[in-house]
Amino acid sequence: MTSAKLDALVVRATVRIGPDDEPGTLWGSGFFVAPGWLLTCRHILPLKDGPEGVGSLRVQGYDGLDVRARPAYWLGGGTDPEQDLVLIRLTEDVPHACVRLTDHYDRPNSVAAYGWRPTDGLPKRWSGETDCNGTDGGYGLTLGPLAEIPHGASGGPLLDRERGLVAGIVKARRVGKDGGLAVAVTALRGFRRAVPVGEENGLGADPYAALIRAHDIWHSKVAGAVSWVKAQTGVAVGGDRSWGPGDSAKASALLAGLPEPRSSAELQGLIGHVVGDDPLWTEEAAPRDWRDGHGWLYDHPEGADLVALHYLRVVAQVCGPRAPDAAAALERWVEQRAEALPGHLRALLMGVVAGAPAPWGSAGADVWTDPRIDGFLRHGDGDDADYAHGSDDSDGPVVAVELEPDLFRPHDRFHWRIWTWTGGPETVRAGDEGSDPEGDSLADLPSVLNEPLARTFGRLDNGRRARLELAVPVEHFGINAHLWLPGPVVPSLRAHLAERPFGVHRQVVVRCLKRRGEPTAVWRERWRAVAEGEPKALPVISDAYAGQALDAAPPGAVPVLCRPPAESTGPLAQAVAAGYGVIFWNLQAEHTHGCGTDCRELHDRTAELLSSAGRATALPERVRALREGFRRADPDADWVEHLALLYDDPGRPIPHCDDLLESP
């Protein structure tokens, strides 16, 4: 049951909004979410001439609050609940209370709505209690008939009575009926793309992040009678080792001091590892900021405090290179808070028990040595302009496009499917797939795949760009995917920066479609030799030479074919059958009179590349860097223009379609 003190705080933070020149006129309600900022519904404002034409507003509320304000950010209009929000900024600096917003993701049950309603005289405060009995779309919350929402209450806060947090914004009443509709707090993330009114720039490039961080910092500092966290402590219920309102408020404030996650994929990968599961994120609920991630940890069976501290420590290490002071402050608080844990769990969390398995979930690895987390630490800093391209390991994210030739037109039409990995083989997920029963032509594939690839890369790029792998049959190894462009531009590695192909800014390799499912022993053996040892170039200059050379070569050999795939399909097929996971070849080479100087240069340069790389896992990034050098007219990179690389890691084999269910 909501405490009287918490109810009083909601009332203090809830205001009525009207025109500046008519103080008694009620357009609707609103509530403060951060110092100087209040939230309301866009539809309460007269928008005939757009937000810029609304002019000055009058905000009135508790204890004689009477201050001018103006619309600052809105979501562009529309009829959906998530588009009916606007942020209003006070034009004067006055003291006021702020509500505390939920970071939970599940729908609240018992709720209380607050706002103002019109009367014959001045507007009066209103509140009503009801239940949240359903959802409407991604962000709409339907309210039960226990309370009749009056005109004027739109824009007011919806309080989750069981947790003591504001979970939504009252939107509308049901015409001729009790109950109504509210907008879930998660819709606030839409303010990342908010439309500023006029020249407004008070919240910078990411209004949501700036707003929610100011909100969290305020609640960590306010004390005394107006402390929401203090009032909430008597409402929220926890277990023997509860993660209470004070804990979550302090954690949120410390997270607010850190730089934002490099991408949603980075954040989601961290959460999945910490909870030992792979959550099925919906588009609306998928976390975007560190605070969002914290909201996924409350109901873990091992205890919210243990899992939350685990999460916070991982975040601190990820952000350490970019914000050492803020990350160190978070680490210190985690150490202090961990004193409340039982001794064995505290020791494990703080790394005292070396090599101990994580006590929660099924990850079964110490997070501090997990290669996925280590990848975040090594590649999670830098601006987007200097986005890390990759590393000398193969544990980064991968997007594989499987191209299966059509049964009736195998040389021209392909059926495609996208697979992704964020870590080891257990992280494989099926993504988009083509829907045309006749398949798509090779010429159309770059355009057809543009949108699904952009969507997939946007989800997986996490401080370094995900590698693109094209899985095709050997007879299609002539594919030039590293030159693919999203638009109808003539492909060239030296294209303008805005038109540069995949191979310049992203690792692009080829895989063999034949190698679906469980890897063979010889494939694993050869891969281990080139991944852990020093690979050596094995020139393959003719079909006659290929058979004997490929079978007799040691495991660390890397075949290098100077003839294009159209002239060397046999040797390529033999190399795949012999278990080679790394192969180089020239996509375009003139052999009318046999091998020439270009062939010798290819063999010599590839031998140098393999020697300098040290191990095969460094090759995708080395080849990408050479392609970028060619684009910049580096004469030492000319030889790479038509170079192709088979990089077929048996640690992440392409599954058969029946091996797993498709996941979003």
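Reference entry: report on the structure contained in this document. (Residues numbered from 1 in each chain as written. Predicted model: local features only at pLDDT ≥ 70, side-chain atom pairs only at ≥ 80, totals over all residues. Heavy atoms only, no water.)

**Some details on the sheet that holds strand β8 (residues 124-136)**
- Strand order in the closed barrel formed by six strands is β7-β8-β9-β12-β11-β10, with antiparallel pairing between adjacent strands. Between one strand axis and the next, the sheet turns by 40° as a mean value, whatever way the strands run.
- Direction of pairing for strand β7 (residues 110-117) relative to β8: antiparallel, over a ladder of eight bridges. Each residue of the ladder has a partner; that of R117, found in β8, is K124. (Pairing = 2+ DSSP bridges. Helix = DSSP H or I, 4+ residues; strand = E, 2+ residues; numbered from the N terminus. Axes fitted to C-alpha atoms, helices over the stretch in contact; angles between N-to-C directions.)

**What to know about the nonpolar core**
- Judged by nonpolar contacts, the single largest core of 57 residues is most densely connected at L39, L87, L101 and F191.
- Aside from chain neighbours lying at most four places away, what touches F191 is L39, Y73, W74, L75, L85, V86, L87, P207 and Y208.
- Among the nonpolar cores identified, the runner-up in size contains 41 residues, and F414, W484, V510 and W585 belong to it. (Core = buried A, V, L, I, M, F, W, Y, C linked by side-chain atoms within 4.5 Å. Buried < 20%, exposed > 50% of the residue type's maximum accessible area, 1.4 Å probe, protein only. Contact = heavy atoms within 4.5 Å.)

**Examining the pairing of strand β9 (residues 140-143)**
- Where β8 and β9 come together, four bridges link them in antiparallel fashion. Looking at β9, one finds that G134 is bridged to T142.
- Between β8 and β9, which pair antiparallel and follow one another directly, the connecting turn spans three residues, one of which, G137, has a positive phi of 75°.
- Relative to strand β12 (residues 180-184), β9 runs antiparallel, the two sharing four bridges. Counterpart to L143 in the pairing with β12 is G180.

**A short note on the side chain of R652**
- Considering the arrangement of structural elements, one finds R652 in the segment after β23 (643-647).
- Buried charge without a salt bridge: R652, with D649 as the nearest opposite-charge side chain at an N-O distance of 4.4 Å.
- A polar contact of 2.8 Å, which involves the side chain of R652, links it to the backbone oxygen of G423. (Lys, Arg positive; Asp, Glu negative; His and termini not counted. Salt bridge = Lys/Arg side-chain N within 4 Å of Asp/Glu carboxyl O. Polar contact = N/O pair within 3.5 Å; in protein donor to acceptor, adjacent residues only side chain to side chain.)

**Notes on helix α16 (residues 597-613)**
- Under the 1.5 Å per step criterion, the end-to-end length of α16 is 24 Å for 17 residues, consistent within 8% with the ideal 24 Å.
- Here α16 has its buried residues at C599, L602, H603, T606, L609, L610 and A613. End-on, the buried residues of α16 take up no more than an arc of 130°, which puts them together on one face. When the buried face of α16 is taken as reference, the exposed residues oriented beyond 90 degrees from it are T597, R600 and E608.
- Those residues of α16 that are buried are in contact with β20 (536-540), β21 (557-561), β22 (582-586), α17 (619-631) and β23. (Expected span 1.5 Å × (residues − 1). Arc of directions from axis to C-beta.)

**Description of helix α4 (residues 245-256)**
- Spanning twelve residues, α4 covers 16 Å between terminal C-alpha atoms, matching the ideal 16 Å at 1.5 Å per step.
- Summarising burial for α4: ten of the twelve residues are buried, a large majority.
- Considering only its buried residues, α4 is in contact with α2 (207-221), α3 (228-233), α6 (290-294), α7 (304-319) and α8 (324-337).

**Section: unusual backbone geometry**
- Even without being glycine, D63 reaches a positive phi, approximately 55°.
- Within the secondary structure, D63 sits in the loop between β4 (57-60) and β5 (66-74).
- Residue class for D63 comes out exposed when judged on its relative accessible area of 69%.

**Focus: the packing of α2 against α4**
- Packing of α2 against α4 leaves a shortest axis separation of 8 Å and a crossing angle of 135°. On the basis of the axis angle, α2 is oblique to α4. The element α2 and its partner α4 pack so that their crossing is left-handed. The segment α2 lies against α4, with R213, D216, I217 and S220 engaging A249, S252, A253, L255 and A256.
- Of the residues in the contact of α2 with α4, the class split is five nonpolar, two polar and two charged. (Parallel < 35°, antiparallel > 145°, perpendicular 65-115°, else oblique. Left-handed = near helix turned anticlockwise from the far one by under 90°. Nonpolar A, V, L, I, M, F, W, Y, C, P; charged D, E, K, R; others polar.)

**Regarding the side chain of T14**
- Locating T14 in the fold gives a position in strand β1 (residues 14-19).
- The exposure class of T14 is buried, given its relative accessible area of 3%.
- Looking at T14, its side chain comes within polar contact range of the main-chain oxygen of V10, at 2.7 Å.
- Not counting residues up to four positions away in its chain, the partners in contact with T14 are G30, F31, G61, Y114, G115, W116 and P157.

**So, the packing of helix α14 (residues 543-552) against helix α15 (residues 569-577)**
- Relative orientation of the contacting elements α14 and α15 amounts to 5°, with a least axis distance of 9 Å. Classed by the angle they form, the pair α14 and α15 counts as roughly parallel. Contacts between α14 and α15 pair D543, A546, G547 and L550 from the former with P571, Q574 and A575 from the latter.
- Looking at the contact of α14 with α15, its residues break down into four nonpolar, two polar and one charged.

**Brief notes about the pattern of salt bridges**
- In the structure shown here, the tally under the stated rule is 32 salt bridges.
- The partner of D216 in a salt bridge is R291, with the nearest N and O atoms 2.9 Å apart. With D216 in helix α2 and R291 in helix α6, this pair connects stretches of sequence that are 75 residues apart.
- A cluster of three or more residues bridged by salt bridges with shared partners is formed by E402, E404, R417, E433 and R516.

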